[in-house]
Amino acid sequence: MTKTENIEAQEKDLDHGESLLAKLALEAELADYSPVKGCMVIRPYGYAIWEQIQSSLDKMIKETGHENAYFPLLIPESFLKKEAEHVEGFAPECAVVTYGGGKELEEKLVIRPTSETIINHMFSKWIHSYRDLPLLLNQWANIVRWEMKTRLFLRTTEFLWQEGHTAHATFEEANEETIKMLGVYKTLSEEYLAVPVIDGIKTESQRFAGAVTTYCIEGLMKDGKALQMGTSHYLGQNFAKAFDTKFQDQNSQLQYVHQTSWGVSTRLIGAVIMTHNDEKGLKLPPKIAPIQIVIVPIYKEAHEKDLVLNKCKEILRNLKSDFRVKIDDREQYTPGWKFNHWEVKGVPIRLNLGPKDIANNVVEVVRRDTNQKIKSVPQDGLKQYLMNLSTEIQETLFTQAKEFLNRNTFTVINENEFSTKIPSGGFLVGFWCENSVCEEILKQKYKATIRCIPFKVPVDQMKEEGYCIVCNKTSKQNVVFAKAY
RNA sequence: CGGGAAGUAGCUCAACUUGGUAGAGCGUCCGUUUCGGGUGCGGAAGGCCGCAGGUUCAAAUCCUGUCUUCCCGACCA
């Protein structure tokens, strides 16, 4: 076994995946534990990553015609109960406020696990005519879902997310919206986070409580486990019927609206951590890195200090308009220490600048994605050089992750093959008879689930028809199985 | 929520078995030396031993409860 394979084998060890995540997140100062179980503090560097993701996504959400709004944290308990499947799905994970103002409340208030109910309540007030449609809203919010088992960023009791909620006149329009927003998520994940995903449809058992169809994007983490990174739901008229959200169409007929909801959360940060890292620490994609370039000044003598720092500042001024760039001019740390520090934090590009470089009118450039050190990059044209490099790093991180995903996506033709492959992780693609019993068997026996019915089967040369890997019935349905977070 | 482990200085841990007022390394601070991959040396500061009870003349140490974290299982973005 070569060294690389060995590392990958270790990384794929499912037992180590979790502690690796915590180690990376804590060491890079992204987050810290709170005194309350399952809650975490997002530290400034971690929050800055979230802000980058937020601003990119917020822009895309607005470009697709949505407006931001804010709905309250507390929801009357009765609202949750209006949609049968919804209450059944969420009741176990709801936190409920029973006291306020020093006395027991007449009606308990649920801390939102998601906002479909309160939003429908308002929609039913706001929507009267087809002229009010489509109604396209989004909110950035925190939500609470009580969790048994928690993991930094991947599963916490409280987390930050964005939830889009839309109402449309027709199924076609709503369904189109659902797929469009899933596409936005895919773009965000692949082009910004550099995390490749498989997009598809959830099976009935994995569907959002209250939805007609749930679409999702699924990523594959370095430890071989799948991660649901975003979902987009076609809600049909389920909530509209529960909340009486109706409109008059062009023919003066009263109709229930067709709705969608879609969300991604701070879990995306977990996905980045678990996709881009090495033994040194994080590797942040340039597009979401809070600091894209760090400049480390190197000097010995006092007279060199001014020379070097002035040159660093000059370079900073030059780069500032196009990069999030910082000079680490702290005196108490040596350059070597700083190199390690910024590698742990995943800064994509580092510039080392000392007297020798200044004499030769060059800088030393170190890229985090490959750890490659490029000596003697001319200072003339540096900005353009770094813009190209930044693009290249973004692409390389994606390519590395994509190759990992491809390398760990296998076809399986029967349960025996499934059972030998599933322990080492990865996506397994095989036929499924569409019976939830077979799905449940795999879950019980192997703790693996159907991640999705992919839009596009992620392996080449897959047959059109085969046999369900569990019951052996003829099937035309290829699905993606995996152990998941 | 069941099974296992852990919680002592900012961090990693020792001391606990056999109760007697707490120790190392790293980090921090001061000085000096260094600075192109976690500098070297000298000095100093820093702890209600997770929290709450109990046993005892005396508790980090024994007992009970509780909270948090980690690992393994049942539910979930």
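Being a predicted model, the structure only gives us computed values, none of them experimental.

**Focus on the protein's contact with RNA strand B**
Here is step 1 of the chain: In the vicinity of RNA strand B, 40 residues are found, and the nearest of them are Arg155, Gln228, Arg267, Thr334 and Asp357.
Here is step 2 of the chain: Counting only the atoms of RNA strand B that lie within 4 Å of the protein, the sugar and phosphate share comes to 50%.
Here is step 3 of the chain: A distance of 2.4 Å separates a base nitrogen of RNA strand B from a polar atom in the backbone of Thr156.
Here is step 4 of the chain: One of the side-chain nitrogen or oxygen atoms of Glu343 is found 2.4 Å away from a base nitrogen of RNA strand B.
Here is step 5 of the chain: If one sorts the elements of the surface near RNA strand B by residue count, helix α11 (residues 335-344) sits on top with 7 residues.
Here is step 6 of the chain: Looking at the surface near RNA strand B residue by residue, the classes come out as 12 nonpolar, 11 polar and 17 charged.

**Section: the side chain of Thr449**
Here is step 1 of the chain: Topologically, Thr449 is positioned in strand β24 (residues 449-454).
Here is step 2 of the chain: For Thr449, a relative accessible area of 13% translates into the label buried.
Here is step 3 of the chain: Among the polar contacts made by the side chain of Thr449, one reaches the side chain of Arg451 at a distance of 2.7 Å.
Here is step 4 of the chain: Discounting chain neighbours no more than four positions away, the residues touching Thr449 are Gln206, Lys443, Val480, Phe481, Ala482 and Ala484.

**Points about the domain arrangement of chain A**
Here is step 1 of the chain: Partitioning chain A into domains gives domain 1 (3-276), domain 2 (293-400) and domain 3 (409-482).
Here is step 2 of the chain: Here domain 2 and domain 3 have C-alpha centroids that lie 47 Å from each other.

**Side note on empty space enclosed by the protein**
Here is step 1 of the chain: In total, this model carries 1 cavity of 30 Å³ or more according to the counting rule given.
Here is step 2 of the chain: There is about 60 Å³ of room inside the largest cavity.
Here is step 3 of the chain: Lining the largest cavity, in full, are Val294, Phe339, Trp342, Glu343, Val347, Pro348, Ile349, Arg350, Val366, Arg367, Arg368 and Asn371.
Here is step 4 of the chain: For the lining of the largest cavity, the secondary-structure elements that each account for two or more residues are α11, β19 (349-353) and β20 (362-367).
Here is step 5 of the chain: Here the lining of the largest cavity gets 3 residues from one element, more than from any other, and that element is α11.
Here is step 6 of the chain: Taken together, the residues of the lining of the largest cavity break down into 7 nonpolar, 1 polar and 4 charged.

The rules behind each value
Residues numbered from 1 in each chain as written. Chains lettered and ligands numbered in written order. Predicted model: local features only at pLDDT ≥ 70, side-chain atom pairs only at ≥ 80, totals over all residues. Heavy atoms only, no water. Near = heavy atom within 4 Å. Polar contact = N/O pair within 3.5 Å; in protein donor to acceptor, adjacent residues only side chain to side chain. Helix = DSSP H or I, 4+ residues; strand = E, 2+ residues; numbered from the N terminus. Nonpolar A, V, L, I, M, F, W, Y, C, P; charged D, E, K, R; others polar. Buried < 20%, exposed > 50% of the residue type's maximum accessible area, 1.4 Å probe, protein only. Contact = heavy atoms within 4.5 Å. Domains from an automatic or database assignment. 1 Å grid on protein atoms, 1.4 Å probe; cavity = no way out; pocket = protein on both sides within 12 Å on 5 of 7 lines; lining within 4 Å. Points joined across faces, edges and corners; volume = space filled by probe spheres on them.

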